[in-house]
Structure formats: structure tokens, C-alpha cells
Amino acid sequence: MQTAALPSLTQPVVVGVALAYFGVVAAIGAWAARRTRSASDFFVAGQGIGLWTLAIASMAATISGFAFIGGPGLIYSIGLTAVYIVLPASITNTVGAWVLGKRLRLLAEVRTMITVPDAIGARYRSPTAQGLAGVAIIIAVIGYTATNLLALGLVVKAVFAVDLTTGILVGTAITLAYSASGGILAGVYTDLFQGAVMALASVLVFAYVLMVGGGLGGISQSILPADPTFLSPWGKLGPMAALSFFFVFGIGSLGQPHVLHKIFMLKDPRRLKWSPLLTTAALMVTLLLFFGVGIVTKGLVASGRMTALASPDDATPMFLLQFTPILLSAIVFAGVAAAIMSTVNSFLSIGAAALTHDLPRAVGRHLPNELHIGRIATTVIALVAAGVALASGTLVAFLGIFGWGLFASTLVPSLAVGLNWAGATKAGAVASIATGILVTLVFETLGYLRVFTLPAGVSVSGLSLVLSFLVFFGVSWLTREQAPGDLDPDIRVVLNA
Amino acid sequence: MNDGQGARRAALGCSVLSMLLIALAYGLTLVPAAAPAPAWGGWLMALGTAGLFASLTVLGAVRRNRPWRAVAWAVGFIFVVIFGAFGAALLLAPDDASSALVLGLPLRAAIVIYGIGVVPALVLPLVYAKTFDTLTLSADDLEQVRADARRAQDEMAS
């Protein structure tokens with residue numbers, strides 16, 4: 001994720017496109033706000049979205065600004081190792097549909113489902129499991145949101161030539177305005193617009209990558225004499241690191257609540273038939289920029305056509321500013337803002353839902369007027385995250401790194417396996433969620449404080465995912481007599497479907 | 001291939017085994033004496049990840065007492081593509097500046113990027129769509145779930 005300053009982008013075309021983009025987002029937000037009348041509208045878009053909206057919104061929620069700025073910069077630094085973060089995308093949407101899509105959507109047919117922890121609570125008859133999942137979500141959401149707001153602040157700063165504090169506050173205000181007023185209903189329809197912008201930007205930039213670089217072959221021929229390891233299938237960090245990325249980001253995709261909870265919003269469960277095709281296509285198109293800019297900047301620097309980058313995060317801005325028309329740069333930076341805002345909106349929605357819906361249920365309470373309180377919670381989370389983003393760049397970097405892994409280790413076993421295995425028990429789910437939270441927080445903190453660092457090739461996310469999985473199976477097996485009692489009859493119908 | 005129940009049981013075992021392989025790969029990095037850990041580690045990760053994807057797919061896609069031949073092909077495809085591509089990259093000799101390019105990339109990189117990054121995207125979503133009505137959720141299935149759930153909830157309430 002972007003944490004270093006971008007080069008200045010303050011040009012009339014860029015500013016004009018950015019203003020037009022924010023205007024469209026504001027209009028969609030205002031429209032959605034008028035239609036948001038209930039907690040169901042606010043948190044799950046009234047369970048009324050269609051297939052295309054689901055597919056594009058899922059893509060937009062998955063891809064943050066990292067795909068446009070941080071990702072290409074990471075490829076520039078470590079070669080093809082970085083590609084393993086997105087390599088599973090060709091597989092995970094379909095696998096996810098088989099593993100989770102149908103059962104999550106059917107859960108919403110038989111029970112009221114507002115959040116992913118709702119699904120966990122219903123599956124295991126366990127307010128404790130629901131509450132723990134909610135805690136994990138809140139921790140990860142604040143960190144993730146702070147990272148994204150910092151990135152958004154850097155983009156606003158670069159485009160409008162304001163200081164970083166103003167950039168963060170402006171970016172937060174715009175995103176918060178439509179998130180708090182229209183909730184996820186505003187989110188999915190802005191996602192539809194934002195996803196289209198991101199996909200268009202990516203395709204156009206990739207075309208320029210091929211033109212400027214002389215095709216993939218030309219780019220490879222520039223790089224190989226200077227740095228053959230860059231184009232090794234494992235990149236510069238080797239097979240363990242690369243395959244660990246593939247494992248964490250591949251299997252971990254089955255536990256990302258900001259994407260999964262959109263399944264609850266689909267109007268017709270049978271429309272799931274086409275969702276992997278559309279979501280995969282949208283993702284693959286939008287990731288072209290991630291791959292293309294990363295390798296072409298390396299090739300241009302290797303061949304002397306571009307000076308070496310001062311910061312890897314300059315890869316996208318410098319390529320755009322030097323080799324593409326200014327209008328395309330403007331669209332891409334609108335795309336970056338779009339990617340960040342769509343992800344922030346999704347996080348705010350699930351974070352607010354965890355605070356107002358899941359945590360009260362964990363202690364046997366139901367808050368009145370969840371819509372009103374949801375709006376307040378959205379605002380609180382956004383302000384806390386913005387405060388973190390303003391306070392400390394290093395703190396943001398620390399909080400941002402473990403979001404994906406925390407989601408993965410706490411939710412994948414209990415959901416992806418638990419919704420498909422009647423033998424999974426409440427104790428197994430609670431133990432695995434607790435393991436995921438504990439291992440992630442302890443080891444990330446130890447690493448941040450430089451007390452203990454895992455060996456190269458082993459990430460904390462990977463370690464916590466492995467341990468939470470094994471704990472889930474182990475504890476479920478040890479408490480297997482409880483399995484039948486942990487499953488309500490209507491939930492068993494869904495598991496057997 | 002009618003025994004969905006048997007396949008699901010095997011998939012559970014495979015997913016545990018796959019995760020243990022990954023745990024072993026991670027564990028090897030903690031043991032300096034186990035060098036050359038990276039070579040073994042790469043193979044364990046490749047096999048474990050491929051096995052995990054395949055077994056989770058079986059768990060999700062295969063339904064009890066339903067034939068699952070079409071899904072079996074998809075599961076096999078997932079395993080072969082992931083393990084095959086990573087295995088080829090581990091086995092083949094490193095590329096250098098004189099290496100021939102395949103679709104613009106050195107051979108090993110091309111096998112991984114196109115083999116895992118592109119080919120499944122062209123196959124799996126279509127298999128999913130084609131088998132959706134018969135294997136995943138037909139209109140009758142949906143009505144049955146709704147009716148069965150309503151009946152179950154009435155029994156719970158009474």
C-alpha cells in the first residue's frame with residue numbers, strides 16, 4: 001500500500017477529471033442515501049442487487065490502490081515474486097463460488113444475514129464465535145482503513161497540491177459522506193462506477209505498456225541481461241516466499257468479509273451461476289496494470305530509457321507521466337482513488353456492522369435502530385482510522401500489513417470448511433478464530449518491535465492461517481460428540497443443500 | 001462416480017494432510033540443519049497448496065448422493081495446473097539472457113504466469129456455469145431448501 005509521497009500531478013486535466021469523478025461519486029451517494037431506509041438497506045443493500053453489480057462490486061472491493069500503485073512498485077522491487085499476490089485470482093473466484101457462494105446465499109434465504117459473523121454465529125449456534133469474528137473484523141478494518149486513507153490522502157495531495165493532512169481529511173470526508181449516508185447501498189453502486197473506471201484505466205495503460213516496451217518480449221529482452229532473477233518464476237525472493245504469497249492470498253481469499261458479505265446482497269441466488277465468470281474477467285482485466293507497469297518500468301530502467309526510481313511506488317506515476325497522454329494519467333489516478341474509496345467503503349460497512357450488530361449479539365443484546373447507530377459507527381470508525389493515518393506513517397504501515405492475514409486466519413476455517421462439514425464444532429470455530437487473532441497480533445507485534453522475525457519465506461499471515469486451520473480440525477475432532485448439537489436443523493438444511 | 005459422501009470424507013482428510021505439508025514446509029525454514037530446505041520447502045508448498053485448493057473444492061462442490069464426474073474433472077484440473085506449473089518451475093533449469101521466450105516471457109515464468117494466471121480463468125468459470133443447474137443449485141433445489149428450512153424452523157419453534 002502507498003505510504004510514500006507521489007510525484008506532483010497538479011495539472012488542469014488531472015484536476016478536472018478528479019473533480020468530475022468525485023462529483024459522480026457524490027451524486028451516487030446522494031441517490032443511495034435517499035433510498036436507504038433500513039438496516040438491511042444500509043448493511044446489505046436491501047438484498048436487492050443484480051449479478052453485474054455483485055461482480056463488479058466484488059472486484060472493486062478486492063482491489064485497493066495497491067493494485068495500481070503499491071503492486072507495480074513491488075514488482076519493480078522484487079520481480080515476479082510480487083505476482084504471486086494476484087496469481088490465484090484466476091482460480092479463487094470459482095473455487096470460492098463452489099466453497100462458499102451457494103451456502104452463504106442460502107443462509108440468507110433461511111435466516112436474516114447482515115454480516116459474515118452472522119453466518120458464523122448461525123452455523124455454530126454461537127454468539128461467542130460471532131463476537132470473536134466481529135472483534136477480528138474491527139481490528140483489521142481500522143488498520144486497513146487507516147492504510148487506505150493514508151494512500152488516498154497521498155493521491156489527493158499529489159493531484160490538488162495540498163498538504164498531506166488536508167489530503168487525508170478531504171479523502172476521508174468524501175468517502176465518509178457517501179458511506180455514512182447510503183451505507184453499502186451507496187457503496188455497491190459507486191463500486192459499479194469505480195470498477196468500470198478501474199478496468200478501463202487498466203486496459204488502456206496495459207496497451208501503452210506493450211507499445212512502449214516493445215511487447216512482453218521486448219520488455220523481457222531488456223530485463224534479462226541486466227537482472228535475470230527478476231524474471232525467474234519465483235522472482236528475487238525465491239520459491240518459498242512466492243509460494244507462501246500464493247497460499248496466503250489464494251486460500252485467504254475465502255475469508256475476506258468485505259467481499260463475501262456482498263453475496264448476501266444478491267437478489268436471486270440462482271444468478272450465482274455467472275458470478276465467477278464476470279468477477280474473474282473483471283479482476284483479470286483490472287490486474288493488467290499491476291503486472292504491466294511493474295515489469296515495463298524495470299525494463300525501461302534496465303535499458304536506460306527511464307532513470308532509476310527514487311521509490312518503487314513511483315513506478316506507476318513516472319510511467320504514466322513520461323509515456324502516456326495526460327488524460328490517461330488523469331483517468332488512472334481517478335482509478336486509484338476509485339479503488340481506494342471502494343475498498344474503504346466496504347471496510348467501513350463491515351466494521352460498522354461488526355460494532356453495531358455482531359458485538360451486541362455476542363452479549364445477548366440487540367441495539368434498537370441499527371440504521372441510525374450504523375451511521376454513527378461508520379463515522380466513528382472512519383474518524384479513528386483517519387486519526388491513525390494522520391498520527392503515524394509507521395503505525396499505518398504496521399496496522400496495514402496484517403489485515404488480509406487476520407481475516408484469513410480467523411474466517412477461512414470456520415466458514416470455508418465449517419459451512420461444508422457438519423462435523424465442525426463450536427469449540428473448533430471459537431478456538432480457530434482465537435488462534436488467528438492471537439498468532440497474528442503477537443507475531444506481527446514482535447516483528448514490528450524487532451524482537452522476533454520469522455525466517456524468509458514464512459509470513460505471519462501464512463503461519464496464523466496454518467495454525468488456525470490445524471486448531472480448527474484438531475479441536476473439532478476432540479469435541480466431535482458436540483457436533484450434532486452445534487447445528488440447528490434449518491442450518492443443516494443449508495449444509496446438505 | 002456417485003459416492004459424494006465418500007469423496008467429501010476423503011477431501012476432509014486431504015485438506016488436513018495438505019495443511020500439514022505446508023506446516024512442514026514452514027517448519028523446515030526454522031531448522032538450519034534441514035538445508036537445502038528451500039528445495040524441499042518449495043515442493044511441499046506446491047503440493048500442499050494444490051491439494052488444499054482441490055480438496056476444498058470437493059468439499060464445496062460435491063453433494064451427497066449426487067454424481068460428481070464433471071466436478072471431478074475440475075478438481076483434477078485445479079490440482080494438475082497448480083502442482084504441475086509450480087513443479088515444472090522447480091524442476092526446469094534457470095533461464096538466462098539467451099533463453100528463448102514463450103509468449104514474451106522466459107519458459108519457467110511463462111508456465112507459471114500463463115499456466116496458473118490465465119488458463120484456469122478461461123476454464124473454471126465456464127465449468128461452474130455449465131454444471132450449475134445440475135450440480136450446484138437448480139430452481140427445484142432452491143424451492144426444496146426454502147420448504148425444508150421452513151419446516152425445520154416450524155419444528156424448532158414448536
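Calculation rules
Residues numbered from 1 in each chain as written. Chains lettered and ligands numbered in written order. Predicted model: local features only at pLDDT ≥ 70, side-chain atom pairs only at ≥ 80, totals over all residues. Heavy atoms only, no water. Helix = DSSP H or I, 4+ residues; strand = E, 2+ residues; numbered from the N terminus. Rg over C-alpha atoms; globule rule 2.2 N^0.38 Å. Buried < 20%, exposed > 50% of the residue type's maximum accessible area, 1.4 Å probe, protein only. Contact = heavy atoms within 4.5 Å. Phe/Tyr/Trp six-rings, centres within 6.5 Å; stacked < 30°, edge-to-face > 60°. Buried area = accessible area lost by both parts, 1.4 Å probe. Salt bridge = Lys/Arg side-chain N within 4 Å of Asp/Glu carboxyl O. Polar contact = N/O pair within 3.5 Å; in protein donor to acceptor, adjacent residues only side chain to side chain. Nonpolar A, V, L, I, M, F, W, Y, C, P; charged D, E, K, R; others polar. Expected span 1.5 Å × (residues − 1). Bend = angle between axes of the 7 residues up to and from the residue. Patch = residues over 30% accessible without salt bridge, like charges linked within 9 Å, V, L, I, M, F, W, Y side chains within 5 Å. Areas by Shrake-Rupley, 256 points an atom, 1.4 Å probe, with all protein chains shown as cover. Core = buried A, V, L, I, M, F, W, Y, C linked by side-chain atoms within 4.5 Å. pLDDT = per-residue confidence, 0-100. Axes fitted to C-alpha atoms, helices over the stretch in contact; angles between N-to-C directions. Parallel < 35°, antiparallel > 145°, perpendicular 65-115°, else oblique. Left-handed = near helix turned anticlockwise from the far one by under 90°.

A. Up close: the overall build of chain A. In terms of regular secondary structure, chain A is built from 21 helices and zero strands. For chain A, the C-alpha radius of gyration of 22 Å lies close to 23 Å, the compact-globule estimate for 497 residues. With respect to the three principal axes, the spread of C-alpha positions in chain A is 70 × 50 × 45 Å. Every one of the 497 residues in chain A was classed for burial, and the buried ones make up 65%. Taking the intrachain contacts of chain A between residues at least 6 apart in sequence as the baseline, contacts between residues at least 24 apart amount to 85%.

B. Highlighting the overall build of chain B. Tallying secondary structure elements over chain B gives six helices and two strands in all. Traced from its N-terminal end to its C-terminal end, chain B shows the element sequence α-α-α-β-β-α-α-α. By the compact-globule yardstick of 15 Å for 158 residues, chain B is too spread out, its C-alpha radius of gyration being 21 Å. Judged by the C-alpha coordinates and their principal axes, chain B covers about 70 × 40 × 25 Å.

C. Just the packing of aromatic side chains, in detail. All names here are of chain A. Taken as a whole and assessed by the stated rule, the structure comprises 26 aromatic pairs over all chains. For the ring pair Phe66 and Phe290, a centre distance of 6.0 Å and an interplane angle of 55° mean the geometry is tilted. Taken together, the residues span a long stretch of sequence, with Phe66 in the loop between helix H3 (51–62) and helix H4 (70–78) and Phe290 in helix H13 (residues 288–302) at a distance of 224 residues. Taken together, a centroid distance of 6.2 Å and an interplanar angle of 70° make the contact between Trp421 and Phe472 edge-to-face.

D. Broad picture of the interface of chain B and chain A. In this assembly, 71 residues from chain B lie in contact with 69 residues from chain A. Here chain B meets chain A over a buried area of about 6200 Å², counting both sides, of which 78% is carbon and sulfur. At the surface where chain B touches chain A, the tally comes to three salt bridges. When the shortest N-O distance is used, the salt bridge between Lys273(A) and Asp133(B) registers 3.0 Å. At the boundary of chain B and chain A, one finds twelve residue pairs in polar contact (both at pLDDT 80 or more). Looking at the side of chain B that touches chain A, the elements with two or more residues in it are helix H1 (4–29), helix H2 (37–61), helix H3 (69–91), strand S2 (105–106), helix H4 (107–117), helix H5 (119–136) and helix H6 (139–157) of chain B. When its residues are assigned to classes, the side of chain B that touches chain A shows 49 nonpolar, 13 polar and nine charged.

E. Quick peek at the environment of Ile174(A). Examined against the element boundaries, Ile174(A) turns out to sit in helix H8 (residues 164–213). Each C-alpha atom of the pair Ile174(A) and Ala26(A) lies 7.6 Å from the other, and the pair is 148 residues apart in sequence.

F. Representation of H8(A) in the model. Residues and elements named next belong to chain A. Its 50 residues place the ends of H8 only 34 Å apart at the C-alpha level, less than the 74 Å of an ideal helix rising 1.5 Å per residue. Along H8, the largest kink reaches about 120° and is centred on Gly182. Where H8 begins, the side chain of Asp163 points an oxygen toward the backbone nitrogen of Thr165, at a separation of 3.1 Å. Within two residues after H8, Gly214 carries a phi angle of roughly 80°, on the positive side.

G. Inspection of the side chain of Gln130(A) at higher detail. In this fold, Gln130(A) is placed in helix H7 (residues 127–160). The exposure class assigned to Gln130(A) is buried, which follows from its relative accessible area of 7%.

H. Structural view of unusual backbone geometry. Even without being glycine, Arg125(A) reaches a positive phi, approximately 55°. Backbone geometry places Arg450(A), a non-glycine residue, at a positive phi of 60°.

I. Looking closely at a nonpolar patch on the surface. Together, Leu91(B), Leu92(B), Val102(B), Leu103(B) and Leu107(B) make up a nonpolar patch on the protein surface, roughly 460 Å² of accessible area in all. Along the polypeptide, Val102(B) turns up in strand S1 (residues 101–102).

J. Representation of the pattern of salt bridges. Scanning the entire structure with this criterion turns up 13 salt bridges over all chains. Linking Arg108(B) and Asp95(B) is a salt bridge whose minimum nitrogen-to-oxygen distance equals 3.7 Å. Of this pair, Arg108(B) sits in helix H4 while Asp95(B) is found in the loop between H3 and S1, placing the two residues 13 residues apart along the sequence. Here the two residues Arg108(B) and Asp95(B) agree in accessibility, since each one is buried. One salt bridge connects Glu143(B) with Arg146(B), and the closest N-O pair in it is separated by 2.7 Å. One end of the pair is Glu143(B) and the other is Arg146(B), both in helix H6 and three residues apart, which spans about a single turn. Since its relative accessible area comes to 25%, Arg146(B) is described here as partly exposed. Residues joined by salt bridges that share partners form a network here, namely Arg105(A), Glu109(A), Glu143(B) and Arg146(B).

K. Representation of the nonpolar core. Within the largest apolar cluster, 219 residues are counted, with the highest numbers of intra-cluster contacts made by Leu104(A), Phe247(A) and Phe86(B). For this core, the element with the most residues is helix H15 (residues 326–362) of chain A, which contributes 19 residues. Those residues in contact with Leu104(A) that lie beyond four places of it in its chain are Ala119(A), Leu260(A), Ile263(A), Phe264(A), Leu415(A) and Leu419(A).

L. Representation of the confidence of the model for chain B within the structure. Predicted confidence across chain B gives a mean pLDDT of 90, with 94% of residues reaching 70 or more. H2(B) is the least confidently modelled element of chain B, averaging 90 in pLDDT, while H4(B) averages 96, the highest of any element.

M. Summary view of the packing of helix H9 (residues 215–226) of chain A against H13(A). Residues and elements named next belong to chain A. Following both chains from N to C, one finds H9 and H13 inclined at 50°, their axes separated by 8 Å at the closest point. One finds that H9 runs oblique with respect to H13. For the crossing formed where H9 meets H13, the hand is left-handed. Mapping the contact onto sequence places Leu216, Ile219, Ser222, Ile223 and Ala226 in H9 and Phe291, Ile295, Val296, Lys298, Gly299 and Ala302 in H13. Looking at the contact of H9 with H13 residue by residue, the classes come out as eight nonpolar, two polar and one charged.

N. Local environment of the packing of H7(A) against H8(A). Residues and elements named next belong to chain A. In the contact formed by H7 and H8, the axes pass within 7 Å of each other and the chain directions differ by 115°. Comparing their axes, H8 and H7 come out roughly perpendicular. For the pair H7 and H8, the sense of crossing is right-handed. Across from Leu149, Leu150, Leu152, Gly153, Leu154, Val156 and Lys157 in H7, the residues of H8 making contact are Leu164, Gly167, Ile168, Val170, Gly171, Thr172 and Thr175. Looking at the contact of H7 with H8 residue by residue, the class counts come to eight nonpolar, five polar and one charged.

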